[in-house]
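An overview of the molecular structure
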Amino acid sequence: MLFNKIYWNPSEGIDLGFFVIHYYSLMFVIAFTIGWYLMKSIFQREGISLEKLDSLFIYTVLATLIGARLGHVIFYDWDYFQNHLLEIFLPVRFEPEFEFTGFRGLASHGAAIGIITAMYLYSKKVLQKPVLWILDRIVIPVACGGIFVRIGNFMNSEIIGKPTNSDFGVVFTKLGEDFARHPAQLYESACYIVVFAILWFTYWKTLKREKLGYIFGLFLVLLWSVRFFVEFVKEPQVGERINWVLNTGQWLSIPFILAGFYFMFRPSTKTRVK
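Residues numbered from 1 in each chain as written. Predicted model: local features only at pLDDT ≥ 70, side-chain atom pairs only at ≥ 80, totals over all residues. Heavy atoms only, no water.

Overview of the nonpolar core
Ranked by size, the top nonpolar core spans 52 residues in total, and within it Leu56, Ile134 and Leu199 carry the most contacts. Secondary-structure elements contributing two or more residues to this core are helix H1 (23-46), helix H2 (51-75), helix H4 (108-127), helix H5 (131-155), helix H6 (184-205), helix H7 (214-230) and helix H8 (248-265). Looking at this core, the element that brings in the most residues is H7, giving 12 residues. Listed in part, the five residues of the second largest apolar core include Tyr24, Phe32, Val61 and Val149. (Core = buried A, V, L, I, M, F, W, Y, C linked by side-chain atoms within 4.5 Å. Buried < 20%, exposed > 50% of the residue type's maximum accessible area, 1.4 Å probe, protein only. Helix = DSSP H or I, 4+ residues; strand = E, 2+ residues; numbered from the N terminus.)

Things to note about the packing of H4 against H8
Close contact between H4 and H8 brings their axes to 10 Å; oriented N to C, the two are set at 30°. The angle between H4 and H8 falls in the class roughly parallel. Contacts from His109, Ala112 and Ile113 of H4 reach H8 at Gly249, Leu252, Ser253 and Phe256. For the contact of H4 with H8, a count of residues per class yields four nonpolar, three polar and no charged. (Axes fitted to C-alpha atoms, helices over the stretch in contact; angles between N-to-C directions. Parallel < 35°, antiparallel > 145°, perpendicular 65-115°, else oblique. Contact = heavy atoms within 4.5 Å. Nonpolar A, V, L, I, M, F, W, Y, C, P; charged D, E, K, R; others polar.)

Considering the pattern of salt bridges
Two side chains carrying opposite charge are able to pair once their charged atoms lie near each other. Inspection of the entire model under this criterion finds seven salt bridges. Of the charged contacts, one joins Glu231 and Arg227 as a salt bridge, the two residues approaching to 2.5 Å between their closest N and O atoms. Comparing Glu231 with Arg227, the two get one shared label, buried. Salt bridges linked by common partners bring Arg150, Glu188, Arg227, Glu231 and Lys234 together as one network. (Salt bridge = Lys/Arg side-chain N within 4 Å of Asp/Glu carboxyl O.)

Here we look at H2
An α-helical turn contains 3.6 residues, so any two residues separated by three or four positions project in the same direction. The first and last C-alpha atoms of H2 sit 36 Å apart over 25 residues, in line with the 36 Å expected at 1.5 Å per residue. All buried positions along H2 are accounted for by Leu53, Leu56, Thr60, Val61, Ala63, Thr64, Gly67, Ala68, Arg69, Gly71, His72 and Val73. At its buried positions, H2 is contacted by H1, helix H3 (78-81), H4 and H5. (Expected span 1.5 Å × (residues − 1).)

A word on the UniProt feature "binding site: a 1,2-diacyl-sn-glycero-3-phospho-(1'-sn-glycerol)" (unreviewed entry) in the protein
What UniProt calls "binding site: a 1,2-diacyl-sn-glycero-3-phospho-(1'-sn-glycerol)" (unreviewed entry) maps, in this numbering, to Arg150. By the secondary structure assignment, Arg150 is in helix H5. When neighbours within four sequence positions are excluded, Arg150 is seen to be in contact with Ser108, Ile159, Gln185, Glu188, Ser189, Tyr192, Arg227 and Lys234. Of note is the side chain of Arg150, whose polar atom sits 2.6 Å from the side chain of Asn153. (UniProt positions renumbered as here; feature names shortened; annotations may be inferred. Polar contact = N/O pair within 3.5 Å; in protein donor to acceptor, adjacent residues only side chain to side chain.)

Rendered as structure tokens:
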């Protein structure tokens, strides 16, 4: 046969005996760490004090986690959480019995809204530059972070793809299945590598970085287009919406894509900020 199923049944994480480092959490740590170094190189090029980088790190981490959590709650699972408000920010489930679940359920659309909001506050309170200036730069490590987040989803056997109905694909053993699915998480992760490379090249090798909002717009178009098309091979995350023409992730992606085109091609006479 040309293809063989890959049976996927990893451990939950790195067991230190007294503590387990979950792979999903580790991917977030890697993403934020690499992001810090990427922004450090950008700040050094722009002559921005590295003292402001520490504040940026805090703003970004909090915005990502809070925004992603609220995005999941509001966009995907409000029917449950409206009756379990304490569980929104607690790593436990109270029903049907008390269970320590960790922080599960994060939505990238919510993270995007959180980061945009945080960058507005950061630009006003700390950076003293237009919000589009920092958005043009923060999207580079954000795209890089998406690579590792999706790898974390793959390690957790979550956000799975649809059955391939063939011997091509991954069998997620943890789900009690014996048929192959599309490794949608890896498709998305691979595409984000390309998105990151394009943004990185655009910033470092072209003059587009001097047009406020262009790289931010490019990010919105590229990243959410990836999300839109990969969703076609994903299982719907909300069962009740399975018959929708487009799923929740796709409907949420469309406004971001349209906004991206606006920022890329809007008329602008001021292209450089000192």
